[in-house]
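For reference, the chains in residue letters:
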Amino acid sequence: MPPTRLHTTCPLDCPDACSLEVSVSDGRITEIAGTSLNPVTNGFICSKVRGFDRRVHGELRLLSPLRRVGRKGAGDFAPITWDDAIGEIVSRFREIRERWGGEAILPYHYGGSNGVLTDGYLDDLFFARLGASRLVKTLCAVPTTMVALGMYGKMPGVAFQDYVHAKCIIVWGANPKASNIHLVPYLRAARERGAFVAVVDPRRNFSANEADLHLPVLPGTDLPVALSMINLWRDWGSLDRSFLERHAVDLEPLLERAAAWPLERAAREADVEAGDIERVARVFAESTPAVMRCGWGVERNRNGGHAVAAILAMPALLGKFGVRGGGYTLSNNGAARLDRRAALGALEWTSRVVNMTKLGEVLTDGVEPPVKALVVYNCNPAATVPDQNAVLRGLARDDLFTVVFDQVMTDTAPYADIVLPATTFLEHIDLRVSYGSYGVGPVRPVVEPLGQSKSNLEVFALLGRAMGFADEAFQWDPVEAEQAALRALSMDGADPSHGSMWLEYDFPGTTPVMFETVHPLTADGKIHLVPSVLGPEPYAYRSLTDERYPLALVSPATSRTVNSSMGEYALPELYVEIHPADAADRSIANGDPVRVFNDLGAVACVARVAVGVRRGVVVIPKGAWRAASMNGQTATAVCPPTVSEVGGGACYNEARVEVERAVRAP
C-alpha cells in the first residue's frame, strides 16, 4: 500500500517556515520533504528536518506522564495517569500560592521552535490567572528586536527572493548555511549576476567561490567596525543627506560617536585588515541596490545591541531604500501581528519579571518570594542556559517542585518531579508566522500523537479547568483555539482565514519595497538613528578581552542543530574547533581530548583543528546535550550569565576561555 502524503509547515527555529510533505505508512513517518507551497522552500529542506522522524519515533520519546521516584537528576521515574499528574500539579500550585504567593511559580519556556498556538497563548493565560512570575525570554533576539522597534518600528524588510536584484550584499553575524538555507540560492544567484558578497563573522562559512570577502572580526567588536564604516562615508561625502533630512532623526549624535573610530583604530580592535573594512564600505556605498542581512550573532555580547543599531543605520545613511533588493533584513515577523487581547481577553498580568538568562542565579542565590515551582516547556535549560553549573545546582534543589513538559527525556527532565509527554509539530495543530519569508503556514498533524502525549493547547486547557479558571479559552478544542487566533491575526491586508496551506501577505508587487510600499512603523514615521533603547551612552563600546583567558568562545548553529532540539542524536560527540596556530601554541593535535575552561566551569571534548575559525577564537557547536561531552558539560558551562543593557539579552559570546590537552578518560 503506498504511503499517505500529508502537508504541513515546519515551525522549527529558522526564518524559512518551510512547507512540507510528509509520507506516512502504518502510522510511522517514512519521509519528510519540501514543497513549493511556500515559494521560498522551492522543494528542498534542511537535513535537520528531513531526519526529524528520529525524534518522533526515537528511544528517548516520552509516552506517558511520569513521577520521580529517585533523587533529582538520577532519572528514576514511574508512570502515572494524566489525572494523577494534573491533580498533583494543581495541588502543589495551590499550596505554593497560598504560602508564598503566585510569584513563587515560574514558567520557563522559549518559543523559537513553536507557533502562535503553542507558546505565549493558552500558557500565558494560565500563568496570568495563576499570578505566576513573568518570564522575559532573553536567550535570543531581544536586543535586536528592541533596536529594530526603536529605529524602524520593526518595518518589514527585504524579502529573500529580492536579494537577486542586489549589487552588494553584506551578511553580518549570520550563517544562512546552518539556519536559513533558503537564502543561500538567492545569494548565489545574485553573485552569478555580478553582486559583491561580503560576510562578517569570526568563522569562515562561505568559500571564496561563494563570497568575495570574509571579514573575521573578533567576537564583540562588530560595533567599532560598523562605526568606522559610517565614519568613512562621512569623510567621503557619501551620506544621502537629502534622504536623511526627510526620513531620519539624530544623525549628528550618531556621526559624533562614529568619529571616535577611525579606520585604523577599528581594524586594530577587531584584529582585521583595515583595507578589507574600507573595501566593504566602498562597495556598499557605491552599489545600488545594496542590502544588509543582519543576524542574531551580533547581539550576543554587551556591545551587541549598539552594534545592531549601527548596522541597521547603514542603509539609511546611504539612502539604499526605495528599490527592490535595497535595505536590510533582520526579522520579518512584524508583518503579522497577533492581538492576544482580541483572542484571549485581557491577561492583566502584573507580577514580577524574571530574566531567563539569570535562571541559575534566581534558583540558587535566592529571590523574594523564592521560586518554589518551576514549569519547563519548549526548552531545555540544563543544556542551553548560561552558567550551566549554577542552573544544575538550582534544578537539584529538593524544595523546588519542577514540572518538565517535553517531547523527549531532555537533560532537564531528570530533575523534574513530574514529567509530561508533549506532541511534536507533526502531531498537533499550530500556526507558524515566518520571520524570514513573507507568509503564515498552518501546522497540521500527520500522525496520531504517540503514546499519551498531548499538545500545549490541551495541557494548559486541562490545567486551567483543574484550577477552576472560568475563561472560555480553557474550554476550547484545538480547532477553536486556532480560529480565535486567525480572527485576531492581521497580515498587512491579507485574509488569514481562507484555510490555505500557505497564507501570503498582500503587499503591492508581492514583496515589500522599503520606503516605497512599506514605511517605518515608529510613532512619527521616522528612522531613529539613536534609539532610546541604547540607554544613556548610545554606541558606547566596551572591550571584552581577559588576559587570563585569551580565547573567545562562540557557539553558533550548525547544519545539525540550531538549538538543543534534535541534540540527543544530532551531536553524539562534542568538539571544539581551534585555529592551527592556536592549537600548535598549546601542543594540541586534531582529535586530541581537550579541556575548555574558565572560572565558571570546564568542557571536556575533542579538538578539531580547523582553518575556518580565526585565530583567537574557538567554536563549540550550539545545541549539544550533556551526554555528548566527556564530563557532562556543554558550552554553556563556560558562558557567563551576563546580560546586555539593551533588552537584558544573553551574552553567550562573552565567554573567554583557555584550552589545554587532557587525558581521555578510560
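Quick caveat: nothing in here was measured; it's all calculated off a predicted structure. (Residues numbered from 1 in each chain as written. Predicted model: local features only at pLDDT ≥ 70, side-chain atom pairs only at ≥ 80, totals over all residues. Heavy atoms only, no water.)

**Q** Explain the pairing of strand β18 (residues 418-421) to me, and be specific about the residues and the numbers.
**A** Burial along β18 is two-sided: I418 and L420 and V419 and P421, pointing in opposite directions, are all buried. Here two bridges tie strand β4 (residues 66-68) to β18, and the two strands are oriented antiparallel to one another. Looking at β18, one finds that R67 is bridged to I418. Alignment of strand β17 (residues 401-406) against β18, held across four bridges, turns out to be parallel. Bridged to V404 within β18 is V419. (Buried < 20%, exposed > 50% of the residue type's maximum accessible area, 1.4 Å probe, protein only. Helix = DSSP H or I, 4+ residues; strand = E, 2+ residues; numbered from the N terminus. Pairing = 2+ DSSP bridges.)

**Q** Explain unusual backbone geometry to me, and be specific about the residues and the numbers.
**A** The step from T288 to P289 runs through a cis peptide bond, and the omega angle for that step is -5 degrees. Here P289 lies in the loop between α12 (274-286) and β12 (290-294). Backbone torsion omega between E368 and P369 reads -10 degrees, so that peptide bond is classified as cis. One can find P369 in the loop between α15 (359-364) and β16 (373-377). A positive phi angle, close to 55 degrees, is found at D271, a residue other than glycine. Tracing the sequence through the fold places D271 in the loop between α11 (263-270) and α12. Residue D271 is classed as partly exposed on the basis of its relative accessible area of 46%. Backbone geometry at F515 places phi at a positive 70 degrees, although glycine is not the residue there. With respect to the helices and strands, the residue F515 is situated in the loop between β22 (503-504) and β23 (527-528).

**Q** Describe in detail the pattern of salt bridges, supporting the description with residues and values.
**A** A side chain of one charge can pair with a side chain of the opposite charge when the charged atoms of the two come close. What the rule picks out here adds up to 34 salt bridges. Notably, a salt bridge pairs R234 with D235, separated by 3.8 Å at the nearest N-O pair. Note on D235: relative accessible area 51%, which makes it exposed. The shortest N-O distance in the salt bridge between E252 and R241 comes to 3.7 Å. You can see E252 sitting in helix α10 (residues 251-258) and its partner R241 sitting in helix α9 (residues 241-247), a full 11 residues away along the chain. Salt bridges sharing partners connect three or more residues here, namely D582, D585, R586, R615 and E658. (Salt bridge = Lys/Arg side-chain N within 4 Å of Asp/Glu carboxyl O.)

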